[in-house]
Amino acid sequence: MHELGITQNIVAIVAEHAKGKKVQRVLLEIGQLSAILPDAVRFCFDICTQNTVLAGATLEIKEIPGLGRCCQCSAEIPLDQPFGICKCGSTRLDLIAGEELKIKEIEIEELCV
Ligand SMILES: [Zn+2]
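Let me sum up the structure you'll find in this document. Because the structure is a prediction, the values reported are computed rather than measured.

A few words now on the sheet that holds strand S2 (residues 58–64). Sheets are built from strands that pair by backbone hydrogen bonding, the pairs being arranged parallel or antiparallel. Pairing in this open sheet of three strands is mixed, and the strands run S2-S1-S6 from one edge to the other. Since the sheet does not close on itself, it has two edges, and those belong to S2 and strand S6 (101–108), each with one partner. In this sheet, neighbouring strand axes are inclined to one another by 15° on average, regardless of whether the strands run parallel or antiparallel. As paired strands, strand S1 (residues 23–31) and S6 are joined by seven bridges and run antiparallel to one another. In the strand pairing of S6, Val26 is matched with Ile106. Against the sheet, helix H1 (residues 3–18) contacts S1 and S6, and its axis sits at roughly 40° relative to S6. Contacting S1 and S2, helix H2 (residues 38–48) runs over the sheet at an angle of about 165° to S2.

In structure tokens, the structure reads:
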């Protein structure tokens, strides 16, 4: 399950960013072509965040659909796998969305003075 290592990285990055403050919410963007299963990340997140500043934080995952652009006619084609064929017949597609794994937002508890 490679999601465990990925999730450990995410937790480490967020924890560093939080600088010891409590994290309330993390929003991730996961592309549907990235071969990362959001459910597996959710599962690992609960395990990896134990005894960290992320313990109890809400994990939100936004799935980004795959999108390619044809190198020949520039048409944009929705993709459910990292390859496809354009209506012009070309198979030379640039992937423009769907492979991302991004930490989009981190919400950190603000301490009131
Ligand atoms: Zn085309």
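Alright, that's what it looks like, and here's the rest.
Now for the packing of H1 against H2. For the pair H1 and H2, the least separation of the axes is 9 Å and the interaxial angle reads 55°. As summarised for this structure, H1 and H2 are arranged oblique, according to the angle between their axes. In terms of crossing hand, the pair formed by H1 and H2 is right-handed. Here Glu3, Leu4, Thr7, Gln8 and Val11 of H1 come into contact with H2, specifically with Ala40, Val41, Cys44, Phe45 and Cys48. Of the residues that constitute the contact of H1 with H2, the class distribution is seven nonpolar, two polar and one charged.

About the cut-offs
- Residue positions are counted from 1 within each chain, in the order its sequence is given.
- Reporting of local features is limited, given that this is a predicted model, to residues whose pLDDT is at least 70; pairs of side-chain atoms are given and counted only at 80 or more, and all residues count toward the totals for whole chains, interfaces and linings.
- Hydrogens and water are ignored here; the side-chain numbers use all heavy atoms of the structure.
- Think of it this way: DSSP has to see at least two bridges between two strands before they count as a pair.
- Each helix corresponds to a stretch of at least 4 residues labelled H or I by DSSP, and each strand to a stretch of at least 2 residues labelled E; elements are numbered beginning at the N terminus.
- As a rule, the C-alpha atoms of each element are fitted with a line to give its axis, helices using only the stretch in contact, and angles between N-to-C directions run from 0 to 180 degrees.
- Residue contacts follow a heavy-atom distance rule, with two residues in contact if any of their heavy atoms lie within 4.5 Å.
- Roughly parallel means an angle under 35 degrees; roughly antiparallel means over 145; roughly perpendicular covers 65 to 115; every other angle is labelled oblique.
- The hand of a helix crossing depends on one turn: near helix anticlockwise from the far one by less than a right angle means left-handed, and clockwise means right-handed.
- Residues were grouped as follows: Ala, Val, Leu, Ile, Met, Phe, Trp, Tyr, Cys and Pro as nonpolar; Asp, Glu, Lys and Arg as charged; and all remaining residues, including Gly, as polar.

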